[in-house]
Amino acid sequence: MRSVLAYSSARILIFAATCGVLWVTTPMKESPVLLLAVSILISGIVSYVLLSRQRDVMSSAIISGLQGRRRKFDVARTKEDAPE
């Protein structure tokens, strides 16, 4: 869960920084929809490059969590199906 939170926070920070830089340096103040669209595009590309290691850590944490839940489910199902 911590890795998911760290990755999501980093993505939000990169988006906010991109949006702020574009707000200050370009004439997109008149078109906020265009500003947000360009910010999403640029921050997505930057995040893809800069956060690849964090994305791998997050994905492995999610997979191991799902595998743990699957094991618990299988154990519970086996107990339930066992004759008494």
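Now for a quick tour of the structure.

Here is what the cut-offs are and how they apply
- Residues numbered from 1 in each chain as written.
- Predicted model: local features only at pLDDT ≥ 70, side-chain atom pairs only at ≥ 80, totals over all residues.
- Heavy atoms only, no water.
- Core = buried A, V, L, I, M, F, W, Y, C linked by side-chain atoms within 4.5 Å.
- Buried < 20%, exposed > 50% of the residue type's maximum accessible area, 1.4 Å probe, protein only.
- Helix = DSSP H or I, 4+ residues; strand = E, 2+ residues; numbered from the N terminus.
- Contact = heavy atoms within 4.5 Å.
- Patch = residues over 30% accessible without salt bridge, like charges linked within 9 Å, V, L, I, M, F, W, Y side chains within 5 Å.
- Areas by Shrake-Rupley, 256 points an atom, 1.4 Å probe, with all protein chains shown as cover.
- Salt bridge = Lys/Arg side-chain N within 4 Å of Asp/Glu carboxyl O.
- Axes fitted to C-alpha atoms, helices over the stretch in contact; angles between N-to-C directions.
- Parallel < 35°, antiparallel > 145°, perpendicular 65-115°, else oblique.
- Left-handed = near helix turned anticlockwise from the far one by under 90°.

## Digging into the nonpolar core
The biggest cluster of nonpolar side chains holds five residues, and these are Y7, A10, I14, L51 and M58. The greatest single-element share of this core, amounting to three residues, is contributed by helix α1 (residues 2-25). Once residues lying within four places of it in the same chain are set aside, the contact partners of M58 are S3, V4 and Y7.

## A word on a nonpolar patch on the surface
A grouping of L41, I42, I45, V46, Y48, V49 and L50 is seen on the molecular surface, where their side chains present a nonpolar patch of about 710 Å² in accessible area. Note on placement: L50 falls in helix α2 (residues 32-50). Residue classification places L50 among the exposed positions, given a relative accessible area of 61%.

## Description of the packing of α1 against α2
Where α1 meets α2, the closest approach of the two axes is 8 Å, and the angle between their N-to-C directions is 130 degrees. One way to sum up the angle between α1 and α2 is to call them oblique. As α1 runs across α2, the sense of the crossing is right-handed. Of α2, the residues touching α1 (which contributes R11, I14, F15, T18, C19, L22 and W23) are L35, L36, V38, S39, I40, I42, S43, G44, V46 and S47.

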